[in-house]
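Structural description and commentary
Residue strings, one per chain:
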Amino acid sequence: MADNLSDTLKKLKITAVDRTEDSLEGCLDCLLQALAQNNTETSEKMHGSGILQLFASLLTPQSSCTAKVANVIAEVAKNEFMRVPCVDAGLISPLVQLLNSKDQEVLLQTGRALGNICYDSHSLQAQLINMGVIPTLVKLLGIHCQNAALTEMCLVAFGNLAELESSKEQFASTNIAEELVKLFKKQIEHDKREMIFEVLAPLAENDAIKLQLVEAGLVECLLEIVQQKVDSDKEDDIAELKTGSDLMVLLLLGDESMQKLFEGGKGNVFQRVLSWIPSNNHQLQLAGALAIANFARNDGNCIHMVDNGIVEKLMDLLDRHVEDGNVTVQHAALSALRNLAIPVVNKAKMLSAGVTGAVLKFLKSEMPPVQFKLLGTLRMLIDAQAEAAEQLGKNVKLVERLVEWCEAKDHAGVMGESNRLLSALIRHSKSKDVIKTIVQSGGIKHLVTMATSEHVIMQNEALVALALIAALELGTAEKDLESAKLVQILHRLLADERSAPEIKYNSMVLICALMGSESLHKEVQDLAFLDVVSKLRSHENKSVAQQASLTEQRLAVES
């Protein structure tokens, strides 16, 4: 075989120059046979012979051998070590040109060759995108949708190219959405659908394409799949149900596509998604709750949904998942409730519907994603709701759990949300009982630490809560404030030029409030606050400058 191969390669070099078609075809057939028997060895020989350099000139639309040349390239490029030599031989440009051919076999082999050469190489795939292959391939898919092999080649190419961010804009300027949905509707086999799903998922991450897919009718296809597969226990059907419902949720992440499907809460899609929540299928419950969380991204939608009973449906769903529940469903339902609680008018309605009770059942959860959403939901609910804040703030079990989570160093999100909820309970209730509960549970040190957060909003929330503590219950909190080194922290915040104006302002308000405590007052005097404060009298922010004057007077009088 080795001698035959060497002869074939020599002959091919001659015929490549002479361009005698019959002879060329014979050589290419021998090469394809050798590649089929031992691809790696044959490819190595071809590489060593330098024959690849001649292939670029053989890739001409006029030649009857072009499909076979492309086929040989596709075969050798299955080997990783041959891909760079193919690029170096200048094969990419003529191959891309051949995508304009009318010959289906040429198109198929060209697509394979390009796919194999660029396999796993983002830089080469980006080069193809820059050469404009996307619109060409989309056009091919439309023209040759009856040719199964060509269709599959296009889908594989789309799947690879769609992973690149730079491709999305080009895809969005074609009618890819229409073509894929048309193709999807015709497919009955699971594998073929799966292949289309693999292209749809990365494409649907782009907002413009989301809208195009919705307008092309993809959602109706997905709803049909859900309906067909929901009661099946076949592995393929379960997988398809998951893929279909996940894709549905992904389409709702785009603002325009989401609003189009919401249709003022009257839309068929919205109604169908609602019916998933009471379903007995966990995947559908999850997709339904996530879809509601996505619909709940603007006040109008949230208000409409709360007025139409969505809260009760979500609470029933949560109830079914309290004991040994599905964590992803818990997380999704809490996400939806958190979003629904954002509009001011919804808070009181949700509180009277008993949402806090439903949410508090998950206080014992050890899953950080569930803890995070639980905290966020409660924080949204009590915003400017004094009575609810007081009720929750006096709940010793809740406050103790918050203090425990304030130390969850491995989960920054949970730690941050716990601190913010502690502060919110004080700020919104302005209640002495709440402050006493938080002091008794050891929460003060966490609020003091929160005042040093890298997030200005959290620093601010902590300082306002601490000022309320100092104004309402200084005697109770005095020792904890001392051991948490609050005065030293305030000195640092005021002396630091990087501190935001509102941080400086609230730090001075807090200093004045601390003067009622003998021990804290002494700490303030020992740290020479007057020097730092007097410098702030000329601060560019008027409120800071005024507060500096007031604080300076207070410090002078008290000294």
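Here the residue index of a chain counts from 1 through its sequence in written order. Per-residue local features of the predicted model are confined to residues with pLDDT of at least 70, and side-chain atom pairs are confined, for both listing and counting, to 80 or more; whole-chain, interface and lining totals are unaffected and use all residues. Note that water and hydrogens are dropped before the side-chain values are worked out from all heavy atoms of the structure.

The chain carries the name Rap1 GTPase-GDP dissociation stimulator 1 isoform X4 in an unreviewed UniProt entry, which gives Galeopterus variegatus as its organism.

1. Digging into the overall build of the chain
The helix and strand inventory of the chain stands at 37 helices and zero strands. Against the compact-globule benchmark of 24 Å for 559 residues, the chain has a radius of gyration of 34 Å, which places it well outside the compact range. Overall size of the chain, expressed as C-alpha extent along the three principal axes, is 105 × 55 × 40 Å. Taken over 559 residues, the chain has a buried fraction of 55%. Restricting the contact set of the chain to residue pairs at least 6 apart, pairs at least 24 apart contribute 71%. When charges are counted, Lys and Arg contribute as positive and Asp and Glu as negative, whereas His and the chain ends are disregarded. Every charge is mapped onto a representative atom, which is NZ of Lys, CZ of Arg, CG of Asp or CD of Glu. For the chain, the distance from the average site of its 54 positive side-chain charges to the average site of its 73 negative ones is 4 Å. Strands are runs of DSSP state E lasting at least 2 residues, helices are runs of H or I lasting at least 4, and numbering of each runs from the N terminus. Computation of the radius of gyration draws on C-alpha atoms alone. For the globule rule, the value is 2.2 Å times the number of residues to the power 0.38. Each residue gets one of three labels from its accessible area relative to the maximum for its type: buried under 20%, exposed over 50%, partly exposed in between, using a 1.4 Å probe on protein chains only. The contact criterion used throughout is that any non-hydrogen atoms of two residues lie within 4.5 Å.

2. Observations concerning the packing of helix α22 (residues 310-319) against helix α23 (residues 327-340)
Whenever a helix is involved, its axis is fitted only over the stretch in contact; in every case the axis is a line through C-alpha atoms, and angles between N-to-C directions fall within 0 to 180 degrees. Close contact between α22 and α23 brings their axes to 10 Å; oriented N to C, the two are set at 155°. What the angle tells us is that α22 and α23 run roughly antiparallel. Considering how the two elements wind past one another, α22 and α23 form a crossing that is left-handed. Touching I310, V311, L314, L317 and L318 of α22 are V329, Q330, A333, L334, A336, L337 and L340, all from α23. Three residue categories are used. Nonpolar comprises Ala, Val, Leu, Ile, Met, Phe, Trp, Tyr, Cys and Pro, charged comprises Asp, Glu, Lys and Arg, and polar comprises the others, including Gly. In terms of residue class, the contact of α22 with α23 is made up of eleven nonpolar, one polar and no charged. Geometric relationships in this document are graded by angle, where less than 35 degrees denotes roughly parallel, more than 145 denotes roughly antiparallel, 65 to 115 denotes roughly perpendicular, and other angles denote oblique. Crossing handedness follows the turn of the near helix against the far one: under a right angle anticlockwise gives a left-handed crossing, and clockwise gives a right-handed one.

3. A look at the pattern of salt bridges
Criterion for a salt bridge: a side-chain nitrogen of Lys or Arg within 4 Å of a carboxyl oxygen of Asp or Glu. In the structure shown here, the tally under the stated rule is 27 salt bridges. Ionic pairing is found between K68 and D29, a salt bridge with its closest N-O pair at 2.9 Å. Pair noted here: K68 is in helix α5 (residues 66-76) and D29 is in helix α2 (residues 21-37), with a separation of 39 residues, a long-range link. The salt bridge involving E390 is made with K394; its shortest N-O contact spans 3.6 Å. The partly exposed category is assigned to E390, whose relative accessible area is 27%. In this structure K394 comes out as partly exposed when scored by relative accessible area, which is 41%. Connected through shared salt-bridge partners, E25, D29 and K68 make up one network.

4. Notes on the packing of helix α12 (residues 165-172) against helix α15 (residues 207-215)
α15 packs onto α12 with a crossing angle of 40° between their chain directions and a minimal axis gap of 9 Å. Here α15 runs oblique to α12, going by the angle between their axes. The hand of the α12/α15 crossing is left-handed. Contacts from K168, F171 and A172 in α12 reach A208, I209 and Q212 in α15. Looking at the contact of α12 with α15 residue by residue, the classes come out as four nonpolar, one polar and one charged.

5. Structural notes on the nonpolar core
Buried Ala, Val, Leu, Ile, Met, Phe, Trp, Tyr and Cys residues that are joined via side-chain atoms within 4.5 Å together make up what is termed a nonpolar core. If you look at the biggest cluster of nonpolar residues, it comprises 202 residues, and the most contacted ones within it are F55 and I292. Sort the elements by how many residues they give to this core and helix α32 (residues 456-483) lands first, with twelve residues. If we skip the residues at most four places from it in the chain, I292 touches F270, V273, L274, I277, M305, I310, L314, A336 and L340.

6. Some remarks on the packing of aromatic side chains
Stacked, tilted and edge-to-face are the three classes assigned to paired rings of Phe, Tyr and Trp, where Trp is represented by its six-membered ring and a pair needs centres within 6.5 Å; plane angles under 30 degrees give stacked, over 60 edge-to-face, the rest tilted. The tally for this structure, following the rule as stated, stands at five aromatic pairs. Taken together, the aromatic side chains of F262, F270 and F295 make up a single cluster linked through ring pairs.

7. Re empty space enclosed by the protein
The method works on a 1 Å grid over the protein atoms by themselves. A cavity is a set of points holding a 1.4 Å probe that cannot get out, a pocket is an open set with protein on both sides within 12 Å along at least five of seven lines, and residues with an atom within 4 Å of a point line them. Grid points are joined across faces, edges and corners, and a volume is the space filled by probe spheres set on the points. One pass over the structure, following the stated rule, counts one cavity of 30 Å³ or more. Estimates place the volume of the largest cavity at around 30 Å³. Every residue lining the largest cavity is listed: L141, C145, E179, K182, L183 and K186. In terms of residue class, the lining of the largest cavity is made up of three nonpolar, no polar and three charged.

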